[in-house]
Amino acid sequence: MNINIGNFKIIITENYEEMSKKASDMVISQVIIKPDSNLGLATGGTPVGMYKEIIRNYELDRVDFSKVKSFNLDEYYPISRDNNQSYTYYMNTNLFNHINILKENIHIPNSETNNVIEECENYDKMMEDCGGIDLQILGIGNNGHIGFNEPDTYFEARTHLADLNKETIEANSRYFEKKEDVPKKALSMGIGSIMKAKKIVLLASGESKAKAVEKMIFGKIEPGVPASILQLHEDVIIILDKEAASLIINKK
Ligand code: F6R
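What counts, and where the lines are drawn
- Residues numbered from 1 in each chain as written.
- Predicted model: local features only at pLDDT ≥ 70, side-chain atom pairs only at ≥ 80, totals over all residues.
- Heavy atoms only, no water.
- Pairing = 2+ DSSP bridges.
- Helix = DSSP H or I, 4+ residues; strand = E, 2+ residues; numbered from the N terminus.
- Axes fitted to C-alpha atoms, helices over the stretch in contact; angles between N-to-C directions.
- Phe/Tyr/Trp six-rings, centres within 6.5 Å; stacked < 30°, edge-to-face > 60°.
- Buried < 20%, exposed > 50% of the residue type's maximum accessible area, 1.4 Å probe, protein only.
- Near = heavy atom within 4 Å.
- Polar contact = N/O pair within 3.5 Å; in protein donor to acceptor, adjacent residues only side chain to side chain.
- Areas by Shrake-Rupley, 256 points an atom, 1.4 Å probe, with all protein chains shown as cover.
- Parallel < 35°, antiparallel > 145°, perpendicular 65-115°, else oblique.
- Left-handed = near helix turned anticlockwise from the far one by under 90°.
- Contact = heavy atoms within 4.5 Å.
- Nonpolar A, V, L, I, M, F, W, Y, C, P; charged D, E, K, R; others polar.
- Right-handed = clockwise from strand over helix to strand, strands pointing away.

Peer 1: I tried to follow the sheet that holds strand S9 (residues 185–188) on my own but got confused; where do I start?
Peer 2: Strand pairing in a sheet takes place through backbone hydrogen bonds and is either antiparallel or parallel in direction. The three strands are arranged S5-S9-S8 in an open sheet whose pairing can be described as antiparallel. Both outer strands of the open sheet, strand S5 (74–76) and strand S8 (160–163), are each paired with one neighbouring strand and no more. Ignoring strand direction, the axes of neighbouring strands in this sheet form an average angle of 30°. Where S8 and S9 come together, four bridges link them in antiparallel fashion. Bridging from a neighbouring strand, His160 pairs with Ser188 of S9.

Peer 1: How should I be thinking about the packing of aromatic side chains in this particular structure?
Peer 2: Each pair of aromatic rings is reported with the distance of its centres and the angle of its planes. Following the criterion strictly, the structure yields eight aromatic pairs and no others. Considering the side-chain rings of Tyr87 and Tyr90, the 6.4 Å spacing of their centres and the 70° angle between planes classify their relative orientation as edge-to-face. Of this pair, Tyr87 and Tyr90 both sit in helix H3 (residues 87–94), separated by three residues, roughly a single helical turn. The class of Tyr87 is buried, set by a relative accessible area of 9%.

Peer 1: Got a minute to help me understand the site of the ligand in this structure?
Peer 2: Surveying the vicinity of the ligand reveals 15 residues, the closest of which are Gly45, Thr46, Asp74, His145 and Lys209. In the environment of the ligand, an oxygen atom lies 2.8 Å from a nitrogen or oxygen atom belonging to the backbone of Gly147. Between the ligand and Lys209, the relevant distance is 2.6 Å, taken from an oxygen atom to a side-chain nitrogen or oxygen of the residue. For the ligand, whose unbound accessible area comes to 410 Å², protein coverage reaches 93%.

Peer 1: Got a minute to help me understand the packing of helix H1 (residues 16–33) against helix H2 (residues 48–59) in this structure?
Peer 2: Think of two packed helices as two axes; the pair is described by the angle between the axes and how far apart they sit. Between H1 and H2, the least distance of the axes is 8 Å, while the angle of their chain directions is 55°. When the axes of H1 and H2 are compared, the pair comes out oblique. For the pair H1 and H2, the crossing hand works out as right-handed. The segment H1 lies against H2, with Tyr16, Ser20, Lys21, Ala23, Ser24, Val27 and Ile28 engaging Val48, Gly49, Met50, Glu53, Ile54 and Asn57. Residues of the contact of H1 with H2, tallied by class, amount to seven nonpolar, four polar and two charged.

Peer 1: How do you make sense of the pairing of strand S4 (residues 69–72) when you look at a structure like this?
Peer 2: When a strand is regular, its side chains alternate between the sheet's two faces. Sheet topology note: the strand S3 (residues 38–41)/S4 ladder contains four bridges and is parallel. Each bridged residue has a counterpart across the sheet, and for Gly40 the counterpart in S4 is Phe71. The β-α-β motif built from S3, the intervening H2 and the parallel element S4 has right-handed crossover chirality. Two strands pair when backbone bridges link them, and S4 and strand S6 (residues 106–107) are joined in this way by two bridges, in the parallel orientation. In the strand pairing of S6, Phe71 is matched with His107.

Peer 1: What is the right way to look at helix H7 (residues 210–218) in this model?
Peer 2: Since the α-helix packs 3.6 residues into each turn, any two residues three or four apart lie on the same face. Among the residues of H7, those classed as buried are Ala210, Ala212, Val213, Glu214, Met216 and Ile217. Elements in contact with the buried residues of H7: strand S1 (2–5), strand S2 (8–13), strand S10 (199–204) and strand S11 (236–241).

Peer 1: Would you explain the environment of Phe155 in this entry?
Peer 2: Secondary-structure assignment places Phe155 in the loop between strand S7 (135–138) and S8. Given a relative accessible area of 28%, Phe155 falls into the partly exposed group. Separated by 38 residues in the primary sequence, Phe155 and Ser193 have C-alpha atoms spaced 11 Å apart. If sequence neighbours within four positions are ignored, Phe155 has contacts with Ile191, Ile221, Glu222, Pro223, Pro226 and Ile229.

Peer 1: Teacher, can you tell me more about the pairing of S1 here?
Peer 2: Alternating positions in S1 separate cleanly, Ile3 and Ile5 being buried on one face and Asn2 and Asn4 remaining unburied on the opposite face. Bridge analysis of S1 against S2 gives four bridges, and the strand direction is antiparallel. Directly across from Ile5, in S2, lies its bridge partner Phe8. Taking the residues that link successive antiparallel strands as the turn, the S1-S2 hairpin has two residues, and the phi of Gly6 there is positive, at about 55°.

Coordinates in, geometry out; function isn't part of it.
What follows is the structure in structure tokens.
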């Protein structure tokens, strides 16, 4: 089912697999139309199925990533890039090791830097210098965060070192043995960088996301719900499974 609400084009799918396939189709068509696309990429549980589907299509020779540049939204800080909890490790194992993207075209905030301010400035500059993000993939936190832009009293525009809030640490603890092991900080693209993307595709799956999705679409635009700012972007496609869409289906 497709519905439009405000600027949002919303696709409601039957399940996680269909959501993942639709999202993968969007990435692949972007790269076919513009082979030197700059892709903004997300980690977390939600896009794993999309990455699998992209790899499947790559193996069938349907898409070529040799000219693509990628910019990840965020990375824990500090963390060794080899640590299997780092987003560098996640991206290598879930996507980059399986497609023909060039190593030098992959950008992930440097979790090993001693100079956070310089790293953040460089990250924004690199995105600007290569013409900005063509297609940004986003997930959404249970608390309405995008990237690691946590609910706050203002929108943080640029790449920055973010303190992860309690809900995020709780949600991310599912990947760690102990909650104490979850990193408390992350380098994250800012809201400004995300909003400058030419096109945004946001994915959400499962009932735990339903409230955040409802607030993003129908709520007031406010930094307490960072994703609500997407109401002001002119090209956002939201792909949901039925559970994530449960609170908006009858509201339209
Ligand atoms: C990850 C990111 C986060 C996640 C969000 C949802 O790079 O930027 O905003 O998209 O926390 O995470 P999952 O998909 O694990 O529910």
